[in-house]
Amino acid sequence: MADTSSYDVVIIGAGFSGLYMLHKVRAQGLTARVYEAGEGVGGTWYWNRYPGARVDIESQEYSYSFDEKLELEWEWSERYASQPELLKYVNHVADRFDLRRDIQFKTKVLSTIFDEAAKRWTVTTDHGDKVSAKFCVMATGCLSVPKDVDVPGADNFKGPVYRTSRWPHEGVDFTGMRVAVIGTGSSAIQSIPQIAKQASQMTVFQRTPNFSLPANNGPANKDVVADWKANRAERREAQRNAPFASVMIKETDVTALSVSEEDRRKMYEQCWDIGGFSLLGAYGDLITDIAANDTAADFAREKIRALIKDPKVADKLLPRNHPIATKRPCVDIGYFETYNRDNVELVDVNEDPIVSITADSVKTRNAEYKIDALVLAIGFDAMTGALNAIDIRGRGGMSLKEKWHDGPRNYLGLMVAGFPNMFIVTGPGSPSVLTNMMVSIEQHVEWISGCIAHVNERQASGIEATETAEDEWVLHVNEVGNTTLYPLANSWYMGANVPGKPRVFMPYIGGFGVYRQKCNEVAANGYEGFELSSA
Ligand code: FAD
Ligand code: NAP
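Here the structure is a predicted model, which is why all the values come from computation and not from measurement. (Residues numbered from 1 in each chain as written. Chains lettered and ligands numbered in written order. Predicted model: local features only at pLDDT ≥ 70, side-chain atom pairs only at ≥ 80, totals over all residues. Heavy atoms only, no water.)

Draft legend 1. Representation of the pairing of strand β13 (residues 354–357) in the model. As paired elements, β13 and strand β14 (residues 361–364) share 3 bridges and run antiparallel to each other. Opposite I354, over in β14, you have T364 as the bridge partner. Where β13 folds back on β14, the antiparallel hairpin that results is connected by 3 residues. (Pairing = 2+ DSSP bridges. Helix = DSSP H or I, 4+ residues; strand = E, 2+ residues; numbered from the N terminus.)

Draft legend 2. Geometry of the nonpolar core. Membership of the largest hydrophobic core comes to 100 residues, with the highest contact counts inside it found for F423, W447 and F530. With 9 residues, helix α13 (residues 437–457) is the single largest residue contributor to this core. Those residues within four positions of W447 in sequence are excluded, and the remaining contacts are L414, F423, C519, V522, A523, Y527 and F530. (Core = buried A, V, L, I, M, F, W, Y, C linked by side-chain atoms within 4.5 Å. Buried < 20%, exposed > 50% of the residue type's maximum accessible area, 1.4 Å probe, protein only. Contact = heavy atoms within 4.5 Å.)

Draft legend 3. Broad picture of the environment of T124. Inspection of the secondary structure assignment puts T124 in strand β5 (residues 120–125). The sequence separation of T124 and T107 amounts to 17 residues, and the corresponding C-alpha distance is 10.0 Å. Excluding its chain neighbours within four sequence positions, the residues that come into contact with T124 are K108, V109, L110, S111, D129 and K130. A distance of 2.5 Å separates polar atoms of two side chains, one belonging to T124 and the other to S111. (Polar contact = N/O pair within 3.5 Å; in protein donor to acceptor, adjacent residues only side chain to side chain.)

Draft legend 4. View of the site of ligand 1. The local shell around ligand 1 holds 34 residues, among which S17, E36, T44, D56 and Y62 are the closest. Between an oxygen atom of ligand 1 and a side-chain N or O atom of E36, the distance comes to 2.7 Å. Contact between ligand 1 and Y62: an oxygen atom at 2.6 Å from a side-chain N or O atom of the residue. Within the complex, 94% of the 980 Å² of free accessible area of ligand 1 lies under protein. Only α1 (16–27), α2 (44–47) and α13 provide two or more residues apiece to the shell around ligand 1. In terms of residue count, α2 provides more of the shell around ligand 1 than any other element does, 3 residues in total. Looking at the shell around ligand 1 residue by residue, the class counts come to 17 nonpolar, 13 polar and 4 charged. (Near = heavy atom within 4 Å. Areas by Shrake-Rupley, 256 points an atom, 1.4 Å probe, with all protein chains shown as cover. Nonpolar A, V, L, I, M, F, W, Y, C, P; charged D, E, K, R; others polar.)

Draft legend 5. Region of the structure containing the packing of aromatic side chains. In the structure shown here, the tally under the stated rule is 35 aromatic pairs. Between W167 and F174 the ring centres are 6.1 Å apart and the planes differ by 50°, which places this aromatic pair in the tilted class. Residues Y527 and F530 carry aromatic rings whose centres are separated by 6.5 Å and whose planes lie at 70° to one another, so their mutual orientation is edge-to-face. Pair check on accessibility: Y527 and F530 agree, each one buried. Put simply, the rings of F16, Y20, W45, Y62, Y64, F66, W74, W76, Y89 and F97 touch in pairs and so form one group of aromatic residues. Here R49 stacks its cationic end above the ring of Y46, 4.8 Å away from the centre of that ring. (Phe/Tyr/Trp six-rings, centres within 6.5 Å; stacked < 30°, edge-to-face > 60°. Lys NZ or Arg CZ within 6 Å of the ring centre and 35° of its normal.)

Draft legend 6. View of the site of ligand 2. Of all residues adjacent to ligand 2, which total 24 residues, the nearest are R54, K147, D150, S187 and T208. S186 is positioned such that a nitrogen or oxygen atom in its backbone is 3.0 Å from an oxygen atom of ligand 2. In the complex, the protein chains occlude 88% of the 910 Å² of accessible area that ligand 2 would expose alone. Here the element with the most residues in the shell around ligand 2 is helix α5 (residues 186–198); it accounts for 3 residues. Grouping the constituent residues of the shell around ligand 2 by class yields 9 nonpolar, 8 polar and 7 charged.

Laid out in structure tokens, this is it:
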């Protein structure tokens, strides 16, 4: 039956953000309803079940810190947890904190409209629910809406088509099949080595070669885990002050060109051996100085080249059109080595573009590849996609999508002027996708929870970002972004992967620790840049 109740808080999304948000508002004695389009909790880790899916940050770092007992009791089995293990973890959290009773699954929120007279949000769903809420929290995810399929003729294919972001729950057996994979981003780079082990023939269609760093995955190291648990308070504090919210990416003022070539090489070799993102913390200017960046990029290219037997294939795989780290680097297990297999072929679609998918093949300008299955690893309408998919209207019926026509605008990535009592978790304008997301999520949820308490304690009807604060923040986000190399890449950070999307560097690159400090100061100064409205 359709719900017409009133709630203190409506939360959209039951990934890591929505679950923790629910836990926090419940602790304040507030009533809450969570709507989730999927059939279960987990968000990213519920939807992205492709073979090889796993986290790119060490498991203990990519986990909730808010409950000490949870952290001490949970045991990760691998250095980088796999998707099934992450899904098990998030389900454990939902059960442990009895969260499911306030979550409505298989329900998509269609609109959230601010009723100025009532000073409340009206939320409607595809099940006919029409509920009222004082506060609305968008925990809808930065990478939760697959981008539209823009591969010519994709509808013609008569065989199975799999999107990495909507992978079948029962898994897929590719044994004996000829498989085409389109895309070479993180999702492709993780799944290609796994699919290649089953397929009789695999053809990878690459548009942009990507930097990928070795995960050096393995069973969880008992000493590392014990050290983390024994020093968790200190480690967690270090994460919260770190520029990328991870202790693995060290903060340093040492610049790449201030050291000798020999020392630099030694440093890069050490980082490569550690694996994962550690290379990004080697020097303090890798994302601001192109000459410094080139030293790391050259090193990575040299490592990639050494992994591939055929020099022509290696040449195609070397990323040259963007500085290293200006796209989120991929972290892989045996990706480049996969091209040494006899059953794997690489097609550079810049040299030989895809003309059309047909009923049983991928046709390029110069060739035709007969296939039995098609895998699309083509990415997401990132950061703004999930918000723009909902009809969100603030004061005077203003549409968020229209307000954001030329790029997202908000204050601290948290609230939008003209949209009172609506919060965004890890929105554009916050460090978000540049960081270890678990730390960013916890910081936002805790800030939002504190803000809600502040409003209620003052018996105010609401809180809203001022236009001035928003304008200044947007300017600052752009200015900081433009001091870096990030705008040089055609990345989804820039909206460049979605045709027609405004080209704006969306996340905030001022550093997670700096940003967190700013959010704390704003709250301590009575929510500076925000206005309370009377009841
Ligand atoms: P999500 O997990 O995306 O959850 C949002 C939920 O909202 C979804 O379940 C969605 O169904 C629901 N939703 C959206 N709109 C609606 C609506 N209108 N109505 C109802 N429900 C709605 N980050 C890292 O830091 N490290 C990693 O290694 C990493 N790996 C990733 C791997 C993949 C394949 C992807 C796609 C992302 C990865 N990320 C990673 C980013 C990841 O999204 C975050 O780490 C984190 O899981 C986000 O949690 P969330 O709850 O904010 O959003
Ligand atoms: P992505 O990084 O956007 O990669 C999409 C790939 O598809 C790119 O290679 C892109 O090429 C290609 N592509 C898109 N449209 C195409 C077309 N029409 N024809 C040919 N090629 C096309 O998406 P993703 O791999 O899903 O990753 C998105 C983000 O999710 C990552 O950056 C990361 O933050 C997160 N993620 C993390 C992990 C992890 O390691 N834990 C795993 C998966 C995802 P272009 O580059 O030329 O656009």
